[in-house]
Amino acid sequence: MFDQIAQTIPYQKITVEGFEISIKRLDLVHPHISGNKFFKLKYNLLAAQQQGYKKLLTFGGAYSNHIAATAYAAQLFGFESLGIIRGQELASKPLNPTLNTAQQFGMQLQFVTREAYRLKQSPAYLAQLQQDYPDYYVIPEGGTNPLAILGCTEIISDKDRQNFDLICCAVGTGGTIAGLIEASHSQQHVLGFSALKGDFLSTEVGQLTPKRNWQITDQYCCGGYAKTTPELLQFIQDFEQRYQIPLEQIYTGKMLLGLTDLIQQGSFPTGHRILVIHSGGLQGRLAAL
């Protein structure tokens, strides 16, 4: 199923300040396993099936595209699913659209304190998790692991390697950009727009790939993860009205805001061929948009 669907990804061309940009519409890959999550989950789900697991366990924040996509994919492929959600205080609040979507697709939600959530990668925590949930296949936060990176290398086609000088994407946990870097031609540059504040993602991605034809900027994170500014929301509305391409405020909106600003600053040479990866995640879109 994965390979058949992935062959149908459309491109949409737009013009920004004289630059022709091709947007690879991963948001149209699948209505629920949206965007980059489709590629991140592919080999993880195949591995879970091959190893005989019937249940999936994963992690995410309240606006995690990964949580919603995993919930649907689990249901589609016959798995039960459990999501460990950052923020115990959310247990007593109405579910936002992302968590409500995950729950509707059958995912059980377990809310934990932010302090406990930060331990999710520690050996002691993972050992306890394995003891508490021995029959669950564990997928990391954001789906980022070697199998996810392998899947994300398939986002870039041979034609993409030949036809573009710059590849742009939003960055959350770093798995998608690591796959894009691995798949890119050495003469291409991969530019990531972080949804989070801080330069730690550059360190983490540097541990996932030996290649150095890339850069991550947090200049357009608008204050941090899931935070917005009036400028960002206005940009998204104007962009959608002009190009009829839906964005959301957590990832893709920030990426295109940043790319547009860099073009206006004259950051790229004339004729630079730019490919933008639309990574989906539209279930996290604000109703106000």
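How each quantity is defined
Residues numbered from 1 in each chain as written. Predicted model: local features only at pLDDT ≥ 70, side-chain atom pairs only at ≥ 80, totals over all residues. Heavy atoms only, no water. UniProt positions renumbered as here; feature names shortened; annotations may be inferred. Helix = DSSP H or I, 4+ residues; strand = E, 2+ residues; numbered from the N terminus. Buried < 20%, exposed > 50% of the residue type's maximum accessible area, 1.4 Å probe, protein only. Polar contact = N/O pair within 3.5 Å; in protein donor to acceptor, adjacent residues only side chain to side chain. Pairing = 2+ DSSP bridges. Axes fitted to C-alpha atoms, helices over the stretch in contact; angles between N-to-C directions. Contact = heavy atoms within 4.5 Å. Parallel < 35°, antiparallel > 145°, perpendicular 65-115°, else oblique. Nonpolar A, V, L, I, M, F, W, Y, C, P; charged D, E, K, R; others polar. Expected span 1.5 Å × (residues − 1). Bend = angle between axes of the 7 residues up to and from the residue.

## Here we look at the UniProt feature "active site" (unreviewed entry) in the protein chain
Under the UniProt annotation, the feature "active site" (unreviewed entry) is placed at Ser-64. Residue placement: Ser-64 occurs in the loop between strand 3 (55-60) and helix 3 (65-76). For Ser-64, a relative accessible area of 8% gives the class buried. At 3.0 Å, the side chain of Ser-64 forms a polar contact with the backbone nitrogen of Ile-67.

## Observations regarding the UniProt feature "domain: Tryptophan synthase beta chain-like PALP" (unreviewed entry) in the protein chain
Mapped onto the present numbering, the UniProt feature "domain: Tryptophan synthase beta chain-like PALP" (unreviewed entry) falls on residues 18-280. End-to-end, the C-alpha atoms of residues 18-280 are 25 Å apart, and along that stretch the chain is 40% helix and 19% strand.

## Regarding the sheet that holds strand 4 (residues 80-86)
Strand order in the open sheet made by the four strands is 5-4-3-6, with parallel pairing throughout. Looking at which strands have only one partner, the edges of the open sheet turn out to be strand 5 (107-112) and strand 6 (136-139). Along the sheet, successive strands turn relative to each other by an average axial angle of 25°, direction set aside. Bridge analysis of strand 3 against strand 4 gives six bridges, and the strand direction is parallel. If you follow Thr-58 over to strand 4, its bridge partner there is Gly-83. The sheet contacts of helix 2 (residues 36-50) involve strand 3 and strand 6, and relative to strand 6 the element is tilted by about 160°. Lying on the sheet, helix 3 is in contact with strand 3, strand 4, strand 5 and strand 6; it crosses strand 3 at an angle near 170°.

## A word on the packing of helix 11 (residues 230-243) against helix 12 (residues 252-264)
One way to put it is that helix 11 packs onto helix 12 with a least axis distance of 10 Å and a crossing angle of 85°. In terms of orientation, helix 11 lies roughly perpendicular with respect to helix 12. Contact with helix 11, carried on its side by Glu-231, Leu-232, Phe-235, Ile-236 and Phe-239, involves Gly-253, Lys-254, Leu-256, Leu-257 and Thr-260 of helix 12 and no other residues of that element. Class assignment for the residues of the contact of helix 11 with helix 12 results in six nonpolar, two polar and two charged.

## Let's talk about helix 2
Over its 15 residues, helix 2 runs 22 Å from end to end, which matches the ideal 21 Å to within 8%, given 1.5 Å per residue. The largest bend along helix 2 reaches roughly 30° and is located at Lys-42. The element helix 2 is extensively covered by neighbouring structure, given that 11 of its 15 residues are classed as buried. Every buried residue of helix 2 is accounted for by Asn-36, Lys-37, Phe-38, Phe-39, Lys-40, Leu-41, Lys-42, Asn-44, Leu-45, Ala-47 and Ala-48. Immediately beyond the C-terminal end of helix 2, within one or two residues, lies Gly-52, with a positive phi of roughly 80°.

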